[in-house]
Amino acid sequence: MDFKPVLTSMMLAGTVAALPAGALAQAGAQAGAQAGTQTSPLWSLYETTLKSAKHIDLTHAFEPVQAVWPGFGTATFKPATAGAAIPGYVEKGEVYSYDKHGFVATAYDLPTDQYGTQLDPPAHWNPLGATISDIPASVALRPLVVIDISGKAKADEGYHLQVSDVEAWETRHGRIPEGSVVMVRSDWHKRWTDRERFNRKPFPGVSLAALKHLHLERKILFHGHEPLDTDTTPTLEGEAWLMANNFAQAEGVANLDQVPEAGALISIGFAKPLGGTGGYARFVAIAPADWPHGVTVTTAPGAPLPTQSAPLKRDANGVMRPTP
């Protein structure tokens, strides 16, 4: 039997774990031989599937002036300075520069770890909850489910995901995979630059009933949403329930309108401050090769990285930008 197409389709559906270990090894060896690579099944999957897959960034770059919960301030970016003198090279307090020191660095004053696109661990609310540094490495790559409520949110900006929306998704695509990440598309991310409106109610959310259904019935890893809060109830009942029951969540997610509802994976990365109560995150969707959005390893290989259009200089907010 030719396992290559089976393995490829199962990987894109997020169900590789269902393939017996022996079959996985045989499929990898066969695909590797065909691709002329090492016979590691994971390397073969990269060569035959992931290398041609479309990658879509679901992350806002955080910056000094952006939407944030009103109870927090915004960040400050500024040049890094020497914390100690190095004779003949730098004086204490001196700003590092390309011309004199051969490099620059940036100091970030971040008033909160609840900033931008983030992974929110239970410790944010729960004194006995896991911190961001407790989250296991096994979360790194998961099946991605995108439930689209953007049409309903357009008609009612305060619309919250309901169990019926989850059931409608399953009618079209089948049961939500256990251990998957469920992202709720509302298209609210398109308001990100309207800082005043982004956080003001009404905005789309996720109902407590839907959260309980996803976690207790479908046993998902976590859910994510585009606003910076889970819901608009007076007590933030959804977030309170998640944190109290040791579930994480993603907030401030972007570009879900560029991702298929089913059949993609999600790569999950985040900063790991020890004991952190929030995590600056990077989420990347990995969609099938024929998906119209995103970039491939071929079109955006990552090395070497592109040259800037002009030398980098700091703008008024301390952000390094190409500046003629």
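We now turn to the structure provided with this report. This is a predicted model, so every value here is computed, not measured. (Residues numbered from 1 in each chain as written. Predicted model: local features only at pLDDT ≥ 70, side-chain atom pairs only at ≥ 80, totals over all residues. Heavy atoms only, no water.)

1. Here's the deal with unusual backbone geometry
Outside of glycine, negative phi angles account for most residues, and trans bonds account for most peptide bonds.
Here's step 1: Between lysine 201 and proline 202 the backbone carries a cis peptide bond, its omega angle lying at 0 degrees.
Here's step 2: Among the structural elements, proline 202 can be located in the loop between α7 (195-198) and β8 (205-206).
Here's step 3: A positive phi angle, near 65 degrees, is found at aspartate 187, a position not held by glycine.
Here's step 4: Among the structural elements, aspartate 187 can be located in the loop between β7 (181-185) and α7.
Here's step 5: Taking relative accessible area as the criterion, aspartate 187 reaches 16% and is therefore assigned buried. (Helix = DSSP H or I, 4+ residues; strand = E, 2+ residues; numbered from the N terminus. Buried < 20%, exposed > 50% of the residue type's maximum accessible area, 1.4 Å probe, protein only.)

2. Observations concerning the packing of aromatic side chains
Aromatic ring pairs are reported here in terms of the distance separating the ring centres and the angle at which the planes meet.
Here's step 1: One pass over the full model with this rule turns up 10 aromatic pairs.
Here's step 2: Note on phenylalanine 222 and phenylalanine 283: the rings are 6.2 Å apart at their centroids and 50 degrees apart in plane angle, and the pair reads as tilted. Within this pair, whereas phenylalanine 222 is found in strand β9 (residues 222-225), its partner phenylalanine 283 is found in strand β12 (residues 279-287), the two being separated by 61 residues in sequence. No difference in accessibility class separates phenylalanine 222 from phenylalanine 283, as the two residues are buried.
Here's step 3: Ring pairs connect the aromatic residues Phe62, Phe77, Tyr108, Tyr115 and Tyr280, which therefore count as one cluster. (Phe/Tyr/Trp six-rings, centres within 6.5 Å; stacked < 30°, edge-to-face > 60°.)

3. Here we look at the pairing of strand β11 (residues 264-270)
Here's step 1: Direction of pairing for strand β5 (residues 141-148) relative to β11: antiparallel, over a ladder of four bridges. When the sheet's bridge partners are listed, leucine 141 is paired in β11 with serine 267.
Here's step 2: As paired strands, β11 and β12 are joined by six bridges and run antiparallel to one another. Bridging across to β12, isoleucine 268 finds its partner in phenylalanine 283. (Pairing = 2+ DSSP bridges.)

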